[in-house]
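Each chain is listed here by its residues.
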Amino acid sequence: MASFMSYFGARRDPKQSARDAIVGLRQQLQMLEKKEEYLQKKIDEEVHKAKANAVTNKAAAMAALKRKKMNETELDRLAGTRMQLEMQVNTLESANLNAETMAAMKKASDALKVIHGNTTLDKVDEQMAAMQEQRDIANEIAEAISNPVNMGLELDEDDLKAQLEELEQETLNERLSEADHVPVHLPPTATKQKDKQPVLDDEEAQLKELQAALAM
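Parameters and conventions
- Residues numbered from 1 in each chain as written.
- Predicted model: local features only at pLDDT ≥ 70, side-chain atom pairs only at ≥ 80, totals over all residues.
- Heavy atoms only, no water.
- Helix = DSSP H or I, 4+ residues; strand = E, 2+ residues; numbered from the N terminus.
- Buried < 20%, exposed > 50% of the residue type's maximum accessible area, 1.4 Å probe, protein only.
- Contact = heavy atoms within 4.5 Å.
- Expected span 1.5 Å × (residues − 1).
- Patch = residues over 30% accessible without salt bridge, like charges linked within 9 Å, V, L, I, M, F, W, Y side chains within 5 Å.
- Areas by Shrake-Rupley, 256 points an atom, 1.4 Å probe, with all protein chains shown as cover.
- Salt bridge = Lys/Arg side-chain N within 4 Å of Asp/Glu carboxyl O.
- Lys, Arg positive; Asp, Glu negative; His and termini not counted.
- Charge placed at Lys NZ, Arg CZ, Asp CG, Glu CD.
- Core = buried A, V, L, I, M, F, W, Y, C linked by side-chain atoms within 4.5 Å.
- pLDDT = per-residue confidence, 0-100.
- Polar contact = N/O pair within 3.5 Å; in protein donor to acceptor, adjacent residues only side chain to side chain.

### Let's talk about the overall build of the protein
Scanning the protein for helices and strands turns up 6 helices and 0 strands. Moving toward the C terminus, one meets the helices and strands of the protein in the order α-α-α-α-α-α. Within the protein, the fraction of its 216 residues that count as buried is 8%. At a minimum sequence separation of 6, the contacts of the protein that also span at least 24 residues come to 75%.

### Let's talk about the side chain of asparagine 71
Relative to the assigned elements, asparagine 71 resides in helix α3 (residues 58-116). With a relative accessible area of 15%, asparagine 71 lands in the buried category. When neighbours within four sequence positions are excluded, asparagine 71 is seen to be in contact with Leu39, Lys42, Ile43 and Glu46.

### Some thoughts on α3
In this model, α3 (59 residues) spans 86 Å end to end at C-alpha, consistent with the 87 Å of a helix rising 1.5 Å per residue. Turning to α3, its buried residues are Ala61, Ala64, Asn71, Leu75, Leu78, Leu85, Val89 and Asn96. Two residues or fewer after α3 comes glycine 117, characterised by a positive phi angle close to 60°.

### Considering a negative patch on the surface
On the surface, Asp156, Glu157, Asp158, Asp159, Glu165, Glu166, Glu168, Glu170, Glu174 and Glu178 cluster together to form a negatively charged patch. Owing to a relative accessible area of 47%, glutamate 168 belongs among the partly exposed residues under this scheme.

### Some details on the nonpolar core
Core analysis: the largest hydrophobic core is formed by 10 residues, namely Ile22, Leu25, Leu29, Leu32, Leu39, Ile43, Leu75, Leu78, Leu85 and Val89. The leading source of residues in this core is helix α2 (residues 14-53), at 6 residues. Aside from chain neighbours lying at most four places away, what touches isoleucine 22 is Val89, Leu92 and Glu93.

### Things to note about the confidence of the model for the protein
On average, residues of the protein carry a pLDDT of 79, and 74% of them reach 70 or more. Here helix α1 (residues 2-8) stands out as the least confident element of the protein, with mean pLDDT 46; α3 is the most confident, with 91. A low-confidence stretch, residues 1-8 stays under pLDDT 50, and its non-local contacts, those more than four residues away or across chains, total 1 contact.

### Examining the side chain of glutamate 36
For glutamate 36, the position within the fold is in helix α2. A distance of 3.4 Å separates a polar atom in the side chain of glutamate 36 from the backbone nitrogen of alanine 79. Side chain to side chain, glutamate 36 and arginine 82 meet in a polar contact 3.1 Å long. Leave out the neighbours within four places in its chain, and glutamate 36 touches Leu75, Leu78, Ala79 and Arg82.

### Topic: a nonpolar patch on the surface
A grouping of Val124, Met128 and Met131 is seen on the molecular surface, where their side chains present a nonpolar patch of about 240 Å² in accessible area. For valine 124, the location among the structural elements is in helix α4 (residues 121-146). Look at valine 124 and you get partly exposed, because its relative accessible area is 36%.

### What to know about the pattern of salt bridges
Scanning the entire structure with this criterion turns up 9 salt bridges. Of the charged contacts, one joins glutamate 93 and arginine 26 as a salt bridge, the two residues approaching to 2.4 Å between their closest N and O atoms. Within this pair, whereas glutamate 93 is found in helix α3, its partner arginine 26 is found in helix α2, the two being separated by 67 residues in sequence. Notably, a salt bridge pairs glutamate 72 with lysine 68, separated by 2.7 Å at the nearest N-O pair. Here lysine 68 and glutamate 72 lie together in helix α3, a separation of 4 residues that amounts to about one turn. Through salt bridges that share partners, Glu36, Arg82 and Glu86 make up one connected network.

This is the structure:
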C-alpha cells in the first residue's frame, strides 16, 4: 500500500508544497549566483591574457578572446535563467500569501457564522422593537412615580376654577364689610384744633367790642 501511494504520490499540504518549492528555487538561485561569479572571474582572466599577448603572441590573445566570448555567452544564459527563477519565486510567494489570506478570511467568516448563529435581520429588528417598548414602559413608570399628580383622583378643572372664584368674591365682600364698620379716628392735632376754635372766637369778639368802644 505504501508503494502504491508513493507511486501515485501521497496527498500533501498545499502550503508545505509551496514552501518546499520556494526553498528549492532559492537554493537553485544561490547555485546560479556562484556560477555567475565563477564565469565573471574567468572572463576577467581571459581579458588579462588577451592584453598580455596582444603584441607578442596574437594567437594566444585571440584564443583568450574566444574563451572570453564563450564565458560571456554562458553568463548571459545564466542571467536569463536566474531571472526566470526569481519570477517563479515571486509568483509562488504571492500565491502562498494569497492562499494564507484566503484561509484566514475563511476562518473569520466561519467564526462570524458561529457568533451570529440563527440571527437574522428580522430577529434583530424584533429584538430592537422589544427593547424600545420596554424602554418606553420604563420611562412611563419613572414619570408616573416622579409626578404623582392628583394622587389617583379625577378632578374637574372647571369646577375647581368656579370654587376659586367664589372664594375670591367672599374674601372681597368680607374685606368691604369690615371697612364700613371701622371707626374714624382723627389725629391728636385735629382734636386740639377743634378745642381751640371756641377760644379763638371769644377773643375775636372781645377785640371787636374794644375797637368799637375806642371809636366812640
